[in-house]
Amino acid sequence: KAGVTQTPRYLIKTRGQQVTLSCSPISGHRSVSWYQQTPGQGLQFLFEYFSETQRNKGNFPGRFSGRQFSNSRSEMNVSTLELGDSALYLCASSLAGGTNQETQYFGPGTRLLVL
Amino acid sequence: GENVEQHPSTLSVQEGDSAVIKCTYSDSASNYFPWYKQELGKRPQLIIDIRSNVGEKKDQRIAVTLNKTAKHFSLHITETQPEDSAVYFCAARDSGTYKYIFGTGTRLKVLA
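In short, a report on the structure.

Each helix and strand counted, chain B has 0 helices and 11 strands in total. For chain B, whose C-alpha radius of gyration is 13 Å, the value lies close to the compact-globule estimate of 13 Å for 112 residues. With the C-alpha coordinates of chain B rotated into their principal frame, the extents come out at 45 × 25 × 20 Å. Burial status across chain B gives 46% buried among its 112 residues. Pairs at least 24 residues apart make up 53% of the contacts formed inside chain B by residues separated by at least 6 positions. Carbon and sulfur atoms provide 45% of the accessible area of chain B, an area that totals close to 5600 Å². Side chains of chain B give 14 positive and 13 negative charges; the mean places of these two sets differ by 4 Å.

Listed below in structure tokens is the structure:
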């Protein structure tokens, strides 16, 4: 099976712009989670989508939003970009969530630079 | 709220020595504990995981132990090699919400 893919891999934006990142999960996986990774901050959970519904949400401002499509592909959007949004954005997919279906597999990430 | 503390933040060991990384979680509903290895410029890769009904799990040079009473779990790497150098993340998953909380990572350096 193909792994988790993310597009684009790199992005440069300026403050105030908005950006949309895309994540295609492993075939058959219905859960997609998004994380922000910055040096020294580890992996900060943004949100999780399961069957087109947001199932969990982290502590990020409303400028960060996401959605999931019927084919389980997910997008996240960041509006009114700030310098502090510069980070590696990782998505991870898993089968569903129950026992023995928890394992998350990460995509390669999208590196966003806000100037 | 849920929290996972990971220690140490950096760890240097001589090649061939053992390395131990420890994590403590706060949510007693957590029931799944994966460990990820992230090499520079690459995605996190799952290296081992453990569920709450198991106390220890081994896979060659890697082992994970879980103490549910104390709410902590540890990663043990024996006979370390230079290619073990990376950042290691622990995580805990809540059995009710399915939410993952990650530790802040440990940068392991194996000195040849």
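Anyway, onward from the coordinates.
Residue and element names in this part refer to chain A. Position of D85 relative to the elements: it lies in the loop between β8 (74–78) and β9 (87–94). Side-chain polar atoms of D85 contact the backbone nitrogen of E82, separated by 2.8 Å. Filtering out sequence-adjacent residues up to four positions away, D85 remains in contact with Q36, R63, F64, V78, T80, L112 and V114.

Both trends apply: most residues other than glycine have a negative phi, and most peptide bonds are in trans. Residue and element names in this part refer to chain A. Of the consecutive residues T7 and P8, the connecting peptide bond is found in the cis state with omega at -10 degrees. Residue position: P8 is located in the loop between β1 (5–7) and β2 (10–13). Positive phi values are uncommon outside glycine, yet S72 reaches one of about 80 degrees. Residue classification places S72 among the buried residues on the basis of a relative accessible area of 11%.

Below, the discussion takes up a nonpolar patch on the surface. There is a patch of nonpolar side chains on the surface, built from A:I12, A:L113 and A:L115 and spanning about 300 Å² of accessible area. Counting through the fold element by element, A:L115 comes out in the segment after β11 (110–114).

Let us look at the interface of chain B and chain A. On the side of chain A, 21 residues touch chain B, which itself brings 16 residues to the contact. Buried area between chain B and chain A, both sides added, is near 1800 Å², and the carbon and sulfur share of it is 51%. By the criterion of area lost to chain A, the three top residues of chain B are B:R43, B:Y100 and B:F102, representing 30% of everything that side buries. Our count for the chain B to chain A interface comes out at 1 salt bridge. Between A:E102 and B:R51 there is a salt bridge, and its shortest N-O distance comes to 2.7 Å. Inspection of the chain B/chain A interface yields 9 residue pairs in polar contact (both at pLDDT 80 or more). Elements with a contribution of two residues or more to the side of chain B that touches chain A: β4 (30–38), β5 (45–51), β9 (86–94) and β10 (100–102) of chain B.

Let us now look at the pairing of β8(A). Residues and elements named next belong to chain A. Extensive coverage of β8 is indicated by the burial of 5 of its 5 residues. The side-chain alternation of β8 yields two buried faces, one formed by S74, M76 and V78 and the other by E75 and N77. Examined bridge by bridge, strand β3 (residues 19–24) and β8 share 5 bridges and lie antiparallel to one another. By the bridge assignment, V19 is partnered in β8 with V78. Looking at chain direction, strand β7 (residues 64–68) and β8 are connected through 5 bridges and run antiparallel. Within β8, the residue paired with R67 across the bridge is E75. In this antiparallel pair of consecutive strands, β7 and β8, the connection spans 5 residues, and S72 shows a positive phi of 80 degrees.

Cut-off values and rules
Residues numbered from 1 in each chain as written. Chains lettered and ligands numbered in written order. Predicted model: local features only at pLDDT ≥ 70, side-chain atom pairs only at ≥ 80, totals over all residues. Heavy atoms only, no water. Helix = DSSP H or I, 4+ residues; strand = E, 2+ residues; numbered from the N terminus. Rg over C-alpha atoms; globule rule 2.2 N^0.38 Å. Buried < 20%, exposed > 50% of the residue type's maximum accessible area, 1.4 Å probe, protein only. Contact = heavy atoms within 4.5 Å. Areas by Shrake-Rupley, 256 points an atom, 1.4 Å probe, with all protein chains shown as cover. Lys, Arg positive; Asp, Glu negative; His and termini not counted. Charge placed at Lys NZ, Arg CZ, Asp CG, Glu CD. Polar contact = N/O pair within 3.5 Å; in protein donor to acceptor, adjacent residues only side chain to side chain. Patch = residues over 30% accessible without salt bridge, like charges linked within 9 Å, V, L, I, M, F, W, Y side chains within 5 Å. Salt bridge = Lys/Arg side-chain N within 4 Å of Asp/Glu carboxyl O. Buried area = accessible area lost by both parts, 1.4 Å probe. Pairing = 2+ DSSP bridges.

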